[in-house]
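So the chains spell out like this:
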Amino acid sequence: MAGLEPRGFKWVIAGRLAISERIGGYGFQHRRVRREEEIIWLTEQGVNTVVSLMPGNQNQAAYEGATFRFFHYPIEDDLDPEDVEKVLAILDEAMNSKGASVLVHRELIDDMLVGLMGGYLVHAELIKDPI
């Protein structure tokens, strides 16, 4: 198996929805070669869609060059209710495409990202009891 697994990569829904840190690393640790290796690994895992919640659109050209569908919704440090609704709508669109396997990322895996994934599972009615 070629490529390099992205840091913090975890399946939320096996084979369908995953999270990770920014592909290629974050901040000054970002490396183009590492990004390329991580994209190869993601492709081999069947990932074909990326949802970026980073403030900037870093890596968009690399994702599109790898023929990933790309969605971008910038979220700073504060999450407003309208942000949640927008992210859930984007995830609905991304996940409803036939054969979609979606990666969602921010710079780092944080409480906001994990909370949004939990919210998506409730929103998609994949969890019966939200508590």
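Described below are features of the structure shown in this document. (Residues numbered from 1 in each chain as written. Predicted model: local features only at pLDDT ≥ 70, side-chain atom pairs only at ≥ 80, totals over all residues. Heavy atoms only, no water.)

1. Let's talk about the pairing of strand E5 (residues 102–105)
The two faces of E5 match: Val 102 and Val 104 on one face and Leu 103 and His 105 on the other face are all buried. Bridge count between strand E2 (residues 17–20) and E5: four bridges; the pairing is parallel. If you follow Ile 19 over to E5, its bridge partner there is Val 104. Bridge analysis of strand E3 (residues 49–52) against E5 gives four bridges, and the strand direction is parallel. Residue pairing across strands places Ser 52 opposite His 105, the latter belonging to E5. (Buried < 20%, exposed > 50% of the residue type's maximum accessible area, 1.4 Å probe, protein only. Helix = DSSP H or I, 4+ residues; strand = E, 2+ residues; numbered from the N terminus. Pairing = 2+ DSSP bridges.)

2. Description of the pattern of salt bridges
Within this structure, the stated rule accounts for four salt bridges. Arg 32 is the salt-bridge partner of Glu 36, the closest N and O atoms lying 2.6 Å from each other. In this pair, Glu 36 and Arg 32 are both assigned in helix H1 (residues 32–44), four residues apart and thus about one turn of the helix distant. By relative accessible area, which is 36% here, Glu 36 ends up partly exposed. Where Arg 106 meets Asp 110, a salt bridge forms, and the shortest distance between an N and an O atom there is 3.0 Å. Taking the relative accessible area as the measure of exposure, Asp 110 reaches 25% and is therefore partly exposed. (Salt bridge = Lys/Arg side-chain N within 4 Å of Asp/Glu carboxyl O.)

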